[in-house]
Amino acid sequence: MKKRSFILFLIAIALTACKPKLDFPTDSENNLNLNTLITLKIGGNKVYLQDFVMNPLDIDSITSTSEQLICMVDSNKLTANFTANKEMEHFVDVKLWIKGIPYSIPCRKTDKIDYVFTFNPQAKVYKKVQIAGQMNDWAPIFTPDLKLNNDRLFEVTLNVSPGTYLYQMVLDGNQNHDDNNPNKVDNGYGKFNSILQVAGQNDKFPTLLTDKYTSSTITLSVYNDVTNVFVYWQNFVLPSQFIKTENGFITFEIPAEAKKMERSFFRVWACNEFGVSNDVLIPLEKGKVLTKSKHITRNDRQAQIIYFMLVDRFKNGDTSNDHPLNRPDVNQKVDYWGGDLAGLQQKIEDGYFDKLGANTLWISPMSQNPMEPYGYYAPMKTKFSGYHGYWPISSSKVDYRFGTNDDLKSVVKSAHKNEMNVLLDYVANHVHEKHPLYQQHPEYATSLYLPDGTMNVEKWNEHRLTTWFDTFLPSLDFSNPKVVDMMTDSAMFWIKEFQLDGFRHDACKHINEEFWRELTLKIKKNNHGKNLYQIGETYGSPELISSYLTSGMLDGQFDFNVFDEASTAFSGVGAGDLQRVKNVMQTSLNTYGYHNLMGYISGNHDRARFMSYASRDVKFGEDAKAAGWQREIGITDSTAYDKMFLLNAFNMTIPGIPVIYYGDEIGMPGANDPDCRRMMRFDGWNKRETSLWNKVSKLAHLRSENPVLIYGDFINLHTTMDSWVYARNYFDKKAIVFINNSSIPKKLEVELPEILNPEGLKSIFNNNFVVKKNKISIELPAFSAEILL
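Bear in mind that the values here come from a model prediction, so they are computed numbers and not experimental data.

Conventions and cut-offs
Residues numbered from 1 in each chain as written. Predicted model: local features only at pLDDT ≥ 70, side-chain atom pairs only at ≥ 80, totals over all residues. Heavy atoms only, no water. Helix = DSSP H or I, 4+ residues; strand = E, 2+ residues; numbered from the N terminus. Rg over C-alpha atoms; globule rule 2.2 N^0.38 Å. Buried < 20%, exposed > 50% of the residue type's maximum accessible area, 1.4 Å probe, protein only. Contact = heavy atoms within 4.5 Å. Areas by Shrake-Rupley, 256 points an atom, 1.4 Å probe, with all protein chains shown as cover. Lys, Arg positive; Asp, Glu negative; His and termini not counted. Charge placed at Lys NZ, Arg CZ, Asp CG, Glu CD. Axes fitted to C-alpha atoms, helices over the stretch in contact; angles between N-to-C directions. Left-handed = near helix turned anticlockwise from the far one by under 90°. Pairing = 2+ DSSP bridges. Salt bridge = Lys/Arg side-chain N within 4 Å of Asp/Glu carboxyl O. Phe/Tyr/Trp six-rings, centres within 6.5 Å; stacked < 30°, edge-to-face > 60°. Lys NZ or Arg CZ within 6 Å of the ring centre and 35° of its normal. Expected span 1.5 Å × (residues − 1). Polar contact = N/O pair within 3.5 Å; in protein donor to acceptor, adjacent residues only side chain to side chain. Core = buried A, V, L, I, M, F, W, Y, C linked by side-chain atoms within 4.5 Å. Parallel < 35°, antiparallel > 145°, perpendicular 65-115°, else oblique. Nonpolar A, V, L, I, M, F, W, Y, C, P; charged D, E, K, R; others polar.

Colleague: Which residues make up the overall build of the chain, and what values go with them?
Modeller: On a plain count of helices and strands, the chain comes out with 15 helices and 41 strands. Taken over the C-alpha trace, the chain has a radius of gyration of 27 Å; the compact-globule value for 789 residues is 28 Å, and the two agree within 12%. Over its C-alpha atoms, taken along the principal directions, the chain stretches across nearly 90 × 70 × 65 Å. Sorting the 789 residues of the chain into buried and exposed places 59% on the buried side. Residue pairs in contact within the chain that sit at least 24 positions apart in sequence constitute 71% of those at least 6 positions apart. Total accessible area computed for the chain in this model is approximately 32200 Å², and 50% of it derives from carbon and sulfur atoms. For the chain, the separation between the mean place of its 85 positive charges and that of its 92 negative charges on side chains is 4 Å.

Here it is in structure tokens:
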């Protein structure tokens, strides 16, 4: 018996010894954050090395896998120029060498093409025809004017990636949707945005799907031809001897070093002559493939489910700090209502968020706001209080109307005790004119006036880095290093003082990149090299949004482009089409990745509530802000609750981070700001509200308890205007989502690819389904969804 045990011991040692090693330090500060994928345009690309290694001065040299990519470190040694030739492969690995250790940056060549856009003037005469949209970040000055061609059509050549773009025509200065294009969506401000679809060749790209794993290897299934495979463990690309590609499968070995890390990741890309595959993300728990939800913690970013509340409108837990302005020139709708940190802590401790399934709280700005009202809305003759928190007059003090600094510390401590993260909404772009910084240093702000003498207010796109949001909100000049240093130190104060888990950043596209890089570097230095989760707010093109997404700046932003299409489609009353939702989401997956950290919202504080569009109480195309002042917005069509469930089912089952806007879990109505900011209700729910809350909770817990919905590959199976079937695949675990967005019952039938074995699948919402070989058919009621898991 002793001899047998000794033999088994020797075998175990031999197996361990045979496990391949990279012989690189796993605990290096340059190996803690996953280096993000770079998209390289043809020609020169400025690369900020600080995004990928903590100290660029340590870099000895830079190499790449392509002779068609020239990488040169600039004289300052902080940046490099990556020059890509047209002949460069679709995917390239670049290595930053530090003391013999190669830290990799995954790079892909741009997929931009020249697309000729035409506009038919319909016999009308125009002197100036321009296009404004996501292809030029809504600034027509960034695209040449359209010129008449021989067919009497106005045309312009756009250099864009294949995908979906919202746009409007600017005809002699008048901006509105394109009358020639029937495809349009409501923009929430009384007009519509037209939709442009630029086709590509995505169906010829390689597709990678997780297939099987052992204690030492991982295998992926491959569809379409593959010429090159790149497997990354953390920031190290695996040598070729680790990888075997044959007969439609890619198998690679898990390096021995993975056992030393509590959490590490594999990322895989493949390419062929047509383009780059989807990315695969596989988490490891001490060197083993993570398959159990019990091993997922609040530090796993892909597993977050965010809940956002305006603190003033959430719960009043301490009436002693109620200080409304109570002034005749301030309408009650825009005064303080008493919500505070005490109320938030009460809801943490009574288990509300745990029961709902949210594990990350995004709280509105906490900085002290002015004592007096500002702004003016002429139709209602009202000024506004700073109840929302976005007008800071202090950079270190919690507004006394919400509580104290100690109250915020207590909220964070309580959240952590209950395994929840806290993200603070941080305002860096501007301060209020009463802020000491502006009072003492007005030169730290951008100019209120443009060179031509006009006011630089609300010039969101053409002067996005200098524009003021209002005349009393000076935008800070982040081209000034002193301002960058002070404001990043201010943000760090909140992180250190209150032990926050990250930020939601306001107005990201209006702030220079220098701020984001400096802040992220300071966070890493304060956190032993590890970054904290940061998500931003940017309205614009996927290209603009993604320009802020690197391992040296932000992790994610809110995907308003998907939300615009999804909210229109699922509300069931606009010109919605699930095929367009699929197309826009595909653009997002191609741009941000199939395992992105973007936020997918149910709504937010700057838009009319989804429920009110779905119930037809707010009309598409009307001024939703005015609607909330002019009439009482209720719910006249109860099918809106079913539609809200569909939107949540969608958000909870696609890649990315689901975000619940407070009140959407019970279907609160409301027009645009301020009507979408009513007080949260925790009792007196009717049956439909209770039912919706239960369904949203079920969805949230389903996601948290099933890694396939967090890390699974995304597979589109079938899409029509009012139905959608897609799947998530994570090794032997499958989830198939059926959506009926029609007002009548539908039978959906789909043929499954071989990798989606339907054996053992069960319905979550108790709809009957039939499996015949590789086909599934299911009967769904109107406005309903089913998840087979």
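Still more ground to cover, so stick around.
Colleague: Let's hear about the packing of helix α9 (residues 560-571) against helix α13 (residues 639-653): which residues, and what values?
Modeller: Following both chains from N to C, one finds α9 and α13 inclined at 145°, their axes separated by 9 Å at the closest point. At the point where α9 passes α13, the crossing takes the right-handed sense. Contacts between α9 and α13 involve V562, F563, A566, F570 and S571 from the first element and K643, L646, L647 and F650 from the second.

Colleague: Mind laying out the sheet that holds strand β29 (residues 421-426), listing which residues take part and the relevant values?
Modeller: Where strands meet in a sheet, backbone hydrogen bonds hold them as pairs that are either parallel or antiparallel. The sheet built from eight strands is open, its strands ordered β32-β31-β30-β29-β26-β25-β34-β33 with parallel pairing. Whereas interior strands pair on both sides, the edge strands pair on one side only; in this sheet they are β32 (556-557) and β33 (599-601). For strand β26 (residues 360-363) and β29, the ladder comprises four bridges, and the chain directions are parallel. Residue pairing across strands places L361 opposite V422, the latter belonging to β29.

Colleague: Let's hear about unusual backbone geometry: which residues, and what values?
Modeller: Negative phi values dominate among residues other than glycine, just as trans dominates among peptide bonds. Put simply, D673 and P674 share a cis peptide bond, and its omega is 10°. Residue position: P674 is located in the loop between β34 (657-661) and α14 (687-705). Here Q122, not a glycine, exhibits a phi torsion of approximately 55°, which is positive.

Colleague: Any details on the pattern of salt bridges? Residues and values, ideally.
Modeller: A side chain with one charge can pair with a side chain of the opposite charge if their charged atoms come near. Counted under the stated rule, the structure contains 37 salt bridges. Taking the shortest distance from any N to any O, the salt bridge between D51 and R517 comes out at 2.9 Å. With D51 in the loop between β2 (43-48) and β3 (61-64) and R517 in helix α7 (residues 513-526), this residue pair connects regions lying 466 residues apart in the sequence. For R517, a relative accessible area of 10% translates into the label buried. The partner of D329 in a salt bridge is R327, and the shortest N-O contact between them spans 2.7 Å. Overall, R327 belongs to the partly exposed group, its relative accessible area being 30%.

Colleague: Help me get a handle on the sheet that holds strand β4 (residues 69-73), residues and values and all.
Modeller: Taken in spatial order, the three strands line up as β2-β5-β4 in an open sheet, and their pairing is antiparallel. What marks the edges here is a single partner per strand, and that holds for β2 and β4. Each neighbouring strand pair of the sheet contributes to a mean axis angle of 20°, computed without reference to strand direction. Relative to strand β5 (residues 79-84), β4 runs antiparallel, the two sharing five bridges. Bridge assignment links M72 to a residue of β5, and that residue is N81.

Colleague: Tell me about the environment of D203, and name the residues and values.
Modeller: Here D203 lies in the loop between β15 (192-198) and β16 (207-213). We classify D203 as exposed; its relative accessible area is 63%. C-alpha separation for the pair D203 and L544, spaced 341 residues apart in sequence, amounts to 25 Å.

Colleague: Before we move on, could you go through the packing of aromatic side chains and cite the residues and values that matter?
Modeller: Using the criterion set out here, one finds 44 aromatic pairs in the structure. Aromatic pair Y352 and F353: ring centres 5.6 Å apart, planes at 85°, arrangement edge-to-face. Seen from their ring centres, F478 and F515 are 5.2 Å apart, and the 65° between their planes marks the pair as edge-to-face. Taken together, the residues F478 in the loop between α5 (436-440) and α6 (481-498) and F515 in helix α7 connect sequence positions 37 residues apart. Both residues of the pair, F478 and F515, belong to the buried class. Through a chain of ring-to-ring contacts, the aromatic side chains of Y307, F314, Y352, F353, F682, W685 and W693 assemble into a single cluster. It is R313 that lies over the ring of Y387; its NZ or CZ is 4.0 Å from the centre. The cationic tip of K347 hangs over the ring face of F682; the distance from NZ or CZ to the ring centre is 4.2 Å.

Colleague: Residue-level account of helix α2 (residues 341-349), with values.
Modeller: All buried positions along α2 are accounted for by L341, G343, L344, Q345, K347 and I348. Where α2 is buried, its residues meet β25 (306-309), α3 (352-356), β26 and α4 (405-417).

Colleague: Describe α6, naming the residues involved and giving the relevant values.
Modeller: Taking 1.5 Å of rise per residue, 18 residues should cover 26 Å, and α6 covers 26 Å from first to last C-alpha, within 8% of that figure. Along α6, the residues classified as buried are V483, V484, M487, T488, S490, A491, M492, W494, I495 and F498. Of the residues flanking the start of α6, the one acting as N-cap is N480, its side-chain oxygen 2.9 Å from the backbone nitrogen of K482. Just downstream of α6 lies Q499, where phi reads positive at about 55°.

Colleague: Describe the pairing of β25, and please don't skip the residues or the numbers.
Modeller: Every second residue of β25 is oriented toward a common face, with I306 and F308 on one face and Y307 and M309 on the other, all of them buried. The pairing of β25 with β26 spans four bridges and is parallel. The partner of F308 across the bridge, within β26, is W362.

Colleague: Describe the nonpolar core, and please don't skip the residues or the numbers.
Modeller: Of all hydrophobic cores here, the largest spans 189 residues; its most connected members are F252, I282 and Y307. Among the elements that take part in this core, α13 stands out by supplying nine residues, more than any other.

Colleague: So what's going on with the environment of E349? Residues and values would help.
Modeller: Locating E349 in the fold gives a position in helix α2. Taking relative accessible area as the criterion, E349 reaches 51% and is therefore assigned exposed.

Colleague: Hey, could you go over the packing of α13 against α14 for me, with residue numbers and the actual values?
Modeller: Two elements in contact, α13 and α14, have axes separated by 10 Å at closest approach and are oriented at 10°. With respect to α14, the element α13 is oriented roughly parallel. When α13 is examined against α14, the residues Y641, D642, M644, F645, N648, A649, N651, M652 and T653 are found in contact with a partner set consisting of R688, E689, L692, K695, V696, L699, A700 and R703. Grouping the amino acids of the contact of α13 with α14 by side-chain chemistry returns nine nonpolar, three polar and five charged.

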